[in-house]
Amino acid sequence: MSRSIIPGQERFLEVLQAIMDGAPVFEDKVEIRADNGEEKLVLLSISFPEDPAAFNRVVVSMVDVTQREMELKALAEAQAELTKASKAATVGAMSASLAHELNQPLGAIVVNSQTLLRWLDRDPPDLAAVRRSAERMIRDSQRASEIIQNTRNLLSPSNNKLEDVSVEGLIDETMALMEHELQRSGTTLLMETSSRLPSVSAVKIELQQVLINLITNAIQAMDEAASPERTITIAAERPDVEHVCVAVRDTGPGITDDAKEKLFAPFFTTKETGMGMGLSICRTTLEARGGTLDGNNHPEGGAVFEMRLLIKPEVEYA
């Protein structure tokens, strides 16, 4: 076999070791050169006789695995490329998420700063109003910090600690955060909740970001359609023993037939300056905790988006 096996394949010592170990067979992949000069990769198998005196005759077989190994190599390379592409997509999604989510608190800080300066320019300055504006700026900057921290935690899911979140408290706090945006757009925000709603086990900042996103989308939809009636209604109820549902309904133009199928697809947007990541990120966020997000048209007009949250998420979602 010396003329067939390509030099440099140190298998002889390995064969001797297998014999010394009393192995019944030796198997390994080796490179060989066929009579026509073509190099191949084969699975070499040598069966050893039980009687040491019979080593003048052994059974040798070779199976051509060249094509299989080439396919495995190509598959490994493709998987490596897919992993790189997946990482790039993840970084892109996180960047888009940060840009999208930070827009609201940073915009609110700018508005409060301008308001603070106007109160200071009065003669005499309205220090009570200045204090209120400064407190809002602190609140919104803390919120921006929480968003950044939450995005960092996505890289280490074990840091995302679940807590008992009051649905009513979450809605009240979100309404306060959106106060300036609602006033600017002339939008009325109403809350309808069933009595005795249980707390949900969730990451509070995640639910709040989803809710802010849905409210912001509703405001923008009514802005673009110049809706005469500008009302957003947030309704919360417990449809069954396992879930709490939070629905955000607006009085805008609703969802077009063309947009319904692609509503939650990444990079799909109906806005001129939109990135198309908001709803996709919202749905992914809720699904990671065992929840759902759906959007439809309300029978009485406008769009309605429903968050369905597990009261106690299963371990696999935690």
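Look up a bit, the structure's there.
A quick note: this is a predicted structure, and the numbers were derived from the prediction, not measured.

(A) Just the overall build of the chain, in detail. For the chain, the count of helices and strands is 8 helices and 10 strands. For the chain, with 318 residues in total, the buried portion stands at 36%. Sequence-distant contacts in the chain: of pairs separated by 6 or more residues, those separated by 24 or more amount to 62%.

(B) Geometry of the sheet that holds strand 3 (residues 59-64). Pairing is antiparallel across the open sheet formed by 3 strands, whose spatial order is 1-2-3. Both outer strands of the open sheet, strand 1 (25-33) and strand 3, are each paired with one neighbouring strand and no more. Ignoring which end each strand starts from, the neighbouring axes of this sheet average 30 degrees apart. Alignment of strand 2 (residues 39-47) against strand 3, held across 6 bridges, turns out to be antiparallel. In the sheet register, Ser-47 faces strand 3, and the bridge partner there is Val-59.

(C) View of unusual backbone geometry. Residues Asp-123 and Pro-124 are joined by a peptide bond in cis, for which omega reads 5 degrees. Of note in the backbone geometry, Ala-226 takes a positive phi value of approximately 50 degrees without being a glycine. With respect to the helices and strands, Ala-226 occurs in the loop between helix 6 (204-225) and strand 7 (231-237). Since its relative accessible area comes to 57%, Ala-226 is described here as exposed.

(D) Region of the structure containing the sheet that holds strand 9 (residues 292-297). The 5 strands lie next to each other as 5-7-8-10-9, forming an open sheet whose pairing is mixed. Looking along the sheet, the strands with just one partner apiece sit at the ends: strand 5 (188-193) and strand 9. The average undirected angle you get between the axes of adjacent strands in this sheet is 15 degrees. Of the strand pairs in this sheet, strand 8 (residues 243-250) and strand 10 (residues 303-310) are connected by 7 bridges, and their pairing is antiparallel. Looking across to strand 10, one finds that Val-246 is bridged to Met-307. Where helix 4 (residues 167-177) meets the sheet, it contacts strand 5, strand 7 and strand 8, and its direction lies at approximately 175 degrees from that of strand 5. Relative to strand 7, helix 6 is tilted by about 150 degrees, and along the sheet it contacts strand 5, strand 7, strand 8, strand 9 and strand 10.

Thresholds, definitions, all that
- Residues numbered from 1 in each chain as written.
- Predicted model: local features only at pLDDT ≥ 70, side-chain atom pairs only at ≥ 80, totals over all residues.
- Heavy atoms only, no water.
- Helix = DSSP H or I, 4+ residues; strand = E, 2+ residues; numbered from the N terminus.
- Buried < 20%, exposed > 50% of the residue type's maximum accessible area, 1.4 Å probe, protein only.
- Contact = heavy atoms within 4.5 Å.
- Pairing = 2+ DSSP bridges.
- Axes fitted to C-alpha atoms, helices over the stretch in contact; angles between N-to-C directions.

Purely geometric numbers; function is a separate question.
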